[in-house]
Amino acid sequence: MPERCPRPNQRVALVVQYVGSGFYGWQRQPQHRTVQEDLEITIASLAGHPVTVHAAGRTDTGVHAAAQVAHFDVTSPIPARKWAVVLNNHLPDGILVRASAPVSFDWHAQFSATWRRYRYTLYTEARPNLFVDPFVWHYYREPIDETAIRTALTPLLGRHHLSAFRRAGSNRAHSWVDVQDVLCYRRGPFVTVEVQASGFLYGMMRLLVGMLVQVGTGRRSIEEFHHIWKNERREAVKYAAPAKGLCFLSVGYPDSPFPPEARSNAMPHFAFDPLPISC
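This one's a predicted model, so the numbers in the text were calculated from it and none came from an experiment. (Residues numbered from 1 in each chain as written. Predicted model: local features only at pLDDT ≥ 70, side-chain atom pairs only at ≥ 80, totals over all residues. Heavy atoms only, no water.)

Remarks on the pattern of salt bridges
Following the criterion strictly, the structure yields 15 salt bridges and no others. Notably, a salt bridge pairs arginine 117 with aspartate 181, separated by 2.9 Å at the nearest N-O pair. Note that arginine 117 is positioned in strand 5 (residues 115-123) and aspartate 181 in strand 8 (residues 176-187), a separation of 64 residues in sequence. On the basis of relative accessibility, which here comes to 10%, the residue arginine 117 falls in the buried class. A salt bridge links glutamate 125 to arginine 127; the nearest nitrogen and oxygen atoms lie 3.5 Å apart. Judged by relative accessible area, arginine 127 falls into the exposed class, the value being 58%. Linked by salt bridges that have partners in common, Arg117, Arg119, Asp181 and Glu194 make up one network. (Salt bridge = Lys/Arg side-chain N within 4 Å of Asp/Glu carboxyl O. Helix = DSSP H or I, 4+ residues; strand = E, 2+ residues; numbered from the N terminus. Buried < 20%, exposed > 50% of the residue type's maximum accessible area, 1.4 Å probe, protein only.)

Digging into helix 3 (residues 146-153)
Regarding helix 3, the residues found buried are Glu146, Ala148, Ile149, Ala152 and Leu153. On an axial view of helix 3, the arc spanned by its buried residues comes to 155°, and they lie on one face. (Arc of directions from axis to C-beta.)

Details of the nonpolar core
Grouped together as the largest cluster of nonpolar side chains are 84 residues, with contacts concentrated most on Leu39, Trp83, Phe165, Met205, Leu208 and Phe225. With nine residues, the next largest nonpolar core counts Ala66, Tyr123, Val136 and Phe270 among its residues. (Core = buried A, V, L, I, M, F, W, Y, C linked by side-chain atoms within 4.5 Å.)

Remarks on the environment of leucine 157
Turning to its location among the elements, leucine 157 is positioned in the loop between helix 3 and strand 7 (158-161). With a relative accessible area of 38%, leucine 157 lands in the partly exposed category.

Let's talk about unusual backbone geometry
In this model, glutamine 31 sits at a positive phi of 65°, which is unusual for a non-glycine residue. As for its placement among the helices and strands, glutamine 31 is situated in the loop between strand 1 (10-18) and helix 1 (35-47). At glutamate 232, a position not held by glycine, the phi torsion is positive, near 55°. By secondary structure assignment, the location of glutamate 232 is in the loop between helix 5 (222-230) and strand 10 (246-252).

Notes on the packing of aromatic side chains
Applying the stated criterion across every chain yields a total of 14 aromatic pairs. Through a chain of ring-to-ring contacts, three or more aromatic side chains come together here, namely Tyr123, Phe135, Phe190, Phe270 and Phe272. (Phe/Tyr/Trp six-rings, centres within 6.5 Å; stacked < 30°, edge-to-face > 60°.)

Considerations on helix 5
Taken together, the buried positions of helix 5 are Phe225, His226, Ile228 and Trp229. Viewed end-on, helix 5 has its buried residues packed into an arc of 160°, placing them on one side of the element. Along helix 5, exposed side chains directed more than 90 degrees from the buried face belong to Glu223 and Lys230. In this fold, the buried residues of helix 5 make contact with helix 3, strand 7 and helix 4 (204-216). Glutamate 232 occupies a position one or two residues after helix 5 and carries a positive phi of about 55°. (Contact = heavy atoms within 4.5 Å.)

Brief notes about the side chain of arginine 206
Along the polypeptide, arginine 206 turns up in helix 4. Notably, arginine 206 is buried but unbridged: the nearest opposite-charge side chain belongs to aspartate 60, and the N-O separation is 4.3 Å. With residues up to four places along the chain from it excluded, the contact list for arginine 206 reads Asp60, Arg167, Tyr239, Ala240, Ala241, Pro242, Ala243 and Leu246. (Lys, Arg positive; Asp, Glu negative; His and termini not counted.)

Points about the environment of aspartate 133
When you line up the elements, aspartate 133 lands in the loop between strand 5 and strand 6 (137-138). Judged by its relative accessible area of 33%, aspartate 133 falls in the partly exposed class. Residues aspartate 133 and threonine 121 lie twelve residues apart in sequence; the distance between their C-alpha atoms is 10 Å. Among the polar contacts made by the side chain of aspartate 133, one reaches the side chain of lysine 244 at a distance of 3.1 Å. (Polar contact = N/O pair within 3.5 Å; in protein donor to acceptor, adjacent residues only side chain to side chain.)

Quick look at the packing of helix 3 against helix 4
As a packed pair, helix 3 and helix 4 sit with axes 8 Å apart at the nearest point and diverge in direction by 130°. By the angle between their directions, the pair helix 3 and helix 4 is classed as oblique. Seen from above, helix 3 lies across helix 4 with right-handed handedness. Where helix 3 approaches helix 4, its residues Ala148, Ile149, Ala152 and Leu153 are matched on the opposing element by Leu208, Leu212, Val215 and Gly216. (Axes fitted to C-alpha atoms, helices over the stretch in contact; angles between N-to-C directions. Parallel < 35°, antiparallel > 145°, perpendicular 65-115°, else oblique. Left-handed = near helix turned anticlockwise from the far one by under 90°.)

This is the structure we're talking about:
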């Protein structure tokens with residue numbers, strides 16, 4: 001592989017899916033498999049020069065993505081819209097590109113985005129299920145009241161300091177978050193929490209869901225939950241929900257380069273057939 005990078009002739013944007021259980025998160029790390037590294041190695045092998053892939057948001061170890069967005073600069077005769085097909089013929093298992101598109105050199109997967117959306121899924125039936133286990137937190141020892149969680153979530157809408165839900169190690173200069181949408185709903189044994197915001201603090205969703213489950217089981221009151229985050233009491237938030245229940249759903253842009261069917265979150269909702277099985 002050449003040591004010098006030629007002047008790029010195109011910037012390519014990607015919609016990327018990955019099953020987080022196979023990766024130590026998005027960001028390249030020494031001696032660990034990451035999504036960024038798999039993409040960079042594969043693109044470089046096709047382009048003949050090193051590349052850096054930038055993502056709309058970094059996911060932690062074990063967190064999934066249904067429609068992560070990324071971009072890279074490259075010198076290649078491969079048209080931007082063909083990169084998805086070409087990459088999928090070479091990428092290893094656990095990662096897939098749903099779409100690729102040309103973008104201008106001032107477009108950036110992270111800095112051009114106006115929102116990100118995450119979904120967390122809990123499975124509350126006592127009986128385990130292998131087919132949902134990789135994508136849910138199997139929480140069944142106590143009943144969960146999704147109405148209480150929904151009530152607790154609603155006041156988070158708007159611009160707030162959310163340092164109570166920020167893990168140590170973040171290099172972000174502040175803890176302001178513009179929360180644009182919140183949802184909590186149940187479908188049979190599945191309880192789902194969704195949050196859309198301009199950006200997310202390091203570890204925010206998993207810490208938030210860990211606290212919301214305490215509200216949903218009655219171990220903390222809604223009033224106590226509000227007191228903790230409004231007063232930025234990080235020491236009171238002790239438990240993070242497991243990574244495997246979390247999925248980075250989608251990213252929003254003022255003028256998305258991708259068609260709607262490619263940029264939708266693409267993560268199916270879990271549901272069981274209520275009808276009895278007959279032979």
